[in-house]
Amino acid sequence: MGFVMDFFTYETPKSVVVKSWTIGIINRLLQLLIILYFVGWVFLHEKAYQTKETTIESSVITKVKGFGRLRLSNGSVKVMDVADYISPPQGGAMFCIITATRVTKNQVQGFCPEDPTADKFRCGNDSDCRDQGTHQVGNGILTGRCVQFNSSLQMCEVQGWCPVEVDNSHKEVMTDAENLTIFIKNSIRFPLFDFAKGNIVPDITKDYIQSCNYHRDRAPFCPIFRLRDIVTWANQDFNTLVQKGGALGIKIEWICDLDKTEDKCVPRFSFHRLDKVSESNTVSRGYNFRYARFYRYPNGTEYRTLMKAHGIRIDIMVYGKASRFDIIPTVINMVTAFTSIGVGAVICDLILLNFLKGAEKYKASKFEEV
């Protein structure tokens, strides 16, 4: 019966006024902190009265312009234009500006010695040239024969494109690359609000585009970016990047408060080295790739010119957030704020009933059985 009586009981709150400076000050301080948190952080800083969207639809169109000089191994100078140093040529959000090349001319299918700079392919007899999967990193498929490269050096023979690429051969570096310019046209849309905008303002003129260069302070709405400026803003050495190559990222951030006027929604550009870890590597430093141009001799034999290209790879990344006033999150967060003020009373009760002098007296006043 005692269990049944305890089960069928009812509890009702009882107000006890405690005239204590200590607990009174703690109570008001806690209430003040909670109010300041919701007003200052939740509503003013985080703008909890708005609906937010981070899904962004984006289109990026790029175009590189400018000329560079390439000094060839025979001493002549070749003028490089966009068709020579841009890969791939589509003008998208990712492209590479080729700044240095190592050229191997007149390669044909056949048998020839491996690269003399590759120590692992040096040999004394045929047994040193057994194929153990090494052809995956060489210039062809090992034939198993050790052949004479010159009067003092023997190399393993490979089947493939001959003569093979020599890793320490002359590298042709493009000068004047620092003055190349990149035109970036970015259009974005936030589907929740059906809001669209681009980085090219409506009143911009053709004359302005042809004469301006982007600068964060002096020309924030210019869509033309100078290559050296991009490298400098990414805190990189331009001459090293031209020689070895590397990957740079251009981040376009759209933070749009749609409660303000549309002209306040502007892109913010930032520049970073994406492959920063490669700077500290001892192998595979920078960025390079190979491509070839194919031809045919009059007799029908195919031959090619192989190029190992070092370049500055540009990746353009777009992200953002849009927000606008909405009554629903406003009401929800206001109710949460008023409810959270009660947390102060819970903490004060904990202090009052357990840590202050006379805690037993407070317990007797607060809890009463009838």
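You'll find the structure just up there.
Everything numeric in this text was worked out from a predicted model, so none of it was measured. (Residues numbered from 1 in each chain as written. Predicted model: local features only at pLDDT ≥ 70, side-chain atom pairs only at ≥ 80, totals over all residues. Heavy atoms only, no water.)

Regarding the nonpolar core
If you look at the biggest cluster of nonpolar residues, it comprises 44 residues, and the most contacted ones within it are Tyr85, Ile97, Ile182 and Phe190. Secondary structure elements with two or more residues in this core: strand E2 (57-65), strand E6 (94-113), strand E10 (181-190), helix H5 (227-233), helix H6 (238-244), strand E13 (246-257), strand E14 (267-273) and strand E16 (302-325). Apart from residues lying up to four places away in sequence, Ile182 is in contact with Lys63, Val64, Phe95, Ile97, Pro223, Ile224, Phe225, Leu227, Ile230 and Ile314. (Core = buried A, V, L, I, M, F, W, Y, C linked by side-chain atoms within 4.5 Å. Buried < 20%, exposed > 50% of the residue type's maximum accessible area, 1.4 Å probe, protein only. Helix = DSSP H or I, 4+ residues; strand = E, 2+ residues; numbered from the N terminus. Contact = heavy atoms within 4.5 Å.)

Here we look at the packing of helix H8 (residues 342-354) against helix H9 (residues 359-366)
Angle between the axes and distance between the axes are the two parameters that describe a pair of packed helices. In the contact formed by H8 and H9, the axes pass within 6 Å of each other and the chain directions differ by 120°. One element, H8, and the other, H9, form an angle in the oblique class. Residue-level contacts link Asp349, Leu352, Leu353 and Asn354 of H8 to Ala359, Tyr362, Lys363 and Lys366 of H9. Classifying every residue of the contact of H8 with H9 by side-chain character gives four nonpolar, one polar and three charged. (Axes fitted to C-alpha atoms, helices over the stretch in contact; angles between N-to-C directions. Parallel < 35°, antiparallel > 145°, perpendicular 65-115°, else oblique. Nonpolar A, V, L, I, M, F, W, Y, C, P; charged D, E, K, R; others polar.)

Focus on the pairing of strand E8 (residues 153-162)
Counting buried residues along E8, eight of its 10 residues qualify, which places the element largely inside the surrounding structure. In this sheet, E8 lies alongside E6 in antiparallel orientation, the contact comprising six bridges. Each residue of the ladder has a partner; that of Gly110, found in E8, is Gly160. In terms of strand pairing, strand E7 (residues 140-150) meets E8 through seven bridges, oriented antiparallel. Across the sheet, Leu142 pairs through a bridge with Val158, a residue of E8. Taking the residues between adjacent antiparallel strands as the criterion, E7 and E8 are bridged by two residues. (Pairing = 2+ DSSP bridges.)

No statement about biological role is implied by the geometric values presented.
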